[in-house]
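Commentary on secondary and tertiary structure
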Amino acid sequence: MMEPLRIDVISVIPGFFDSPLANGLLSIARKKQYAEMYVHNLHDYGLGRYKQVDDTPFGGGAGMVLRPEPVFACIEKLLGQREYDAVIFPTPDGKPFDQPLANRLSRTKNLMLLCGHYKAVDERIRQKLVTLEVSVGDVVVSGGEIPALLIMDAVLRLIPGVIGDGESALTDSFQTGMLDCVYYTRPAEFRGMKVPDVLLSGHHRNIEKWRHENALQRTLERRPDLLENKVFEE
């Protein structure tokens, strides 16, 4: 059996991960021993009696900024225990997190996720500790915990054995550079809506051709940007 992928998550609200790690795909990955996930409470490295981890920004302005001392202390402790393939920081100005990147990360051994919070993190953290900055979309959420969960789920489901049907993950949207086609199941007719005849034909070549054409059409309609640099084979 392959060595499990280890993921260390650093957060100011570690309890956020209790339910996701105990349910669903993340729990399955742990129980099957394909992954080990550890959540570290940044407040354990906080300053003073109240374990402070944030402060006001230099130059004034609204919001708080994550201080460098607790983050450096936590990450440097982990780096002293093992090498990491990436120290990931979810941030709106990061590289778009996409399927090829998820594929690459699924083949690593050790990953670290730093969950930002408050207004921002001290820039020196990003300069010295972070090796990969990613954005999960053009939207701002309350902290890095939600993007971290998205990244973990997207990566772990690609590890062979985590989901029951490994082929399913390889045929999802974006794996071929396009959106996936539509799908139907029983009954063949529901409230006057019929399943396309080709899907009931049993003719596998025609079915695959229909699915490819449907995926292409949906991509042209919904995400034409995905097709800008795509080369199609005859």
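Structural notes, computed from the coordinates. (Residues numbered from 1 in each chain as written. Predicted model: local features only at pLDDT ≥ 70, side-chain atom pairs only at ≥ 80, totals over all residues. Heavy atoms only, no water.)

1. A look at the sheet that holds strand E2 (residues 35–41)
A sheet is described by the order of its strands in space; here five strands give the open sequence E2-E1-E6-E5-E8, paired in parallel fashion. The open sheet has two edge strands with one neighbour each: E2 and strand E8 (132–135). Each strand of the sheet is rotated relative to its neighbour by a mean of 30°, with strand direction disregarded. Pairing of strand E1 (residues 5–11) with E2 involves seven bridges; the strand directions are parallel. (Pairing = 2+ DSSP bridges. Helix = DSSP H or I, 4+ residues; strand = E, 2+ residues; numbered from the N terminus. Axes fitted to C-alpha atoms, helices over the stretch in contact; angles between N-to-C directions.)

2. Notes on helix H9 (residues 204–222)
If you check H9, its first and last C-alpha atoms are 26 Å apart, about what 19 residues at 1.5 Å a residue would give, namely 27 Å. Among the residues making up H9, those that are buried are Ile-207, Trp-210, Asn-214, Ala-215 and Thr-219. The buried side chains of H9 occupy one side of the element, clustering within an arc of 165° when seen end-on. (Expected span 1.5 Å × (residues − 1). Buried < 20%, exposed > 50% of the residue type's maximum accessible area, 1.4 Å probe, protein only. Arc of directions from axis to C-beta.)

3. Describing the state of the cysteines
Following the criterion strictly, the structure yields zero disulfides and no others. The thiol sulfur of Cys-74 is not disulfide-bonded, and the nearest other cysteine sulfur, from Cys-115, lies at 11 Å. With a relative accessible area of 2%, Cys-115 lands in the buried category. (Disulfide = S-S within 2.5 Å.)

4. Remarks on the sheet that holds strand E7 (residues 120–121)
Strand order in the open sheet formed by three strands is E3-E4-E7, and the pairing between neighbours is mixed. The open sheet has two edge strands with one neighbour each: strand E3 (54–55) and E7. The pairing of E3 with strand E4 (residues 65–66) spans two bridges and is antiparallel. Directly across from Asp-55, in E4, lies its bridge partner Val-65.

5. Overview of the pattern of salt bridges
For the structure on display, the rule yields nine salt bridges. With its nearest N and O atoms 2.8 Å apart, the salt bridge here joins Arg-126 to Glu-133. Here the salt bridges share partners, and the residues they tie into one network are Asp-55, Arg-67 and Glu-69. (Salt bridge = Lys/Arg side-chain N within 4 Å of Asp/Glu carboxyl O.)

6. Let's talk about the packing of helix H2 (residues 24–31) against helix H6 (residues 145–156)
Contact geometry for H2 and H6: axes closest at 10 Å, N-to-C directions at 55°. For the element pair H2 / H6, the angle class is oblique. Viewed along their axes, H2 and H6 form a crossing whose handedness is left-handed. Together, Leu-25, Leu-26 and Ala-29 of H2 and Leu-149, Met-152, Asp-153 and Leu-156 of H6 make up the contact between the two elements. Of the residues that constitute the contact of H2 with H6, the class distribution is six nonpolar, no polar and one charged. (Parallel < 35°, antiparallel > 145°, perpendicular 65-115°, else oblique. Left-handed = near helix turned anticlockwise from the far one by under 90°. Contact = heavy atoms within 4.5 Å. Nonpolar A, V, L, I, M, F, W, Y, C, P; charged D, E, K, R; others polar.)

7. Focus on H2
The complete set of buried residues in H2 reads Leu-25, Leu-26, Ser-27 and Ala-29. Summarising the contacts, the buried residues of H2 are in contact with helix H1 (18–22), E2 and H6. Directly beyond the C-terminal end of H2, a positive phi value near 65° is found at Gln-33.

8. Topic: the nonpolar core
Counting residues in hydrophobic clusters, the biggest one holds 33 residues, and the most contacted among them are Ile-7, Ile-88, Phe-97 and Leu-156. Here Ile-88 is in contact with Leu-105, Leu-111, Met-112, Leu-113, Leu-114, Leu-132, Val-134 and Ile-151, once residues within four sequence places are set aside. Listed in part, the 18 residues of the second largest apolar core include Ile-10, Leu-78, Leu-129 and Val-130. (Core = buried A, V, L, I, M, F, W, Y, C linked by side-chain atoms within 4.5 Å.)

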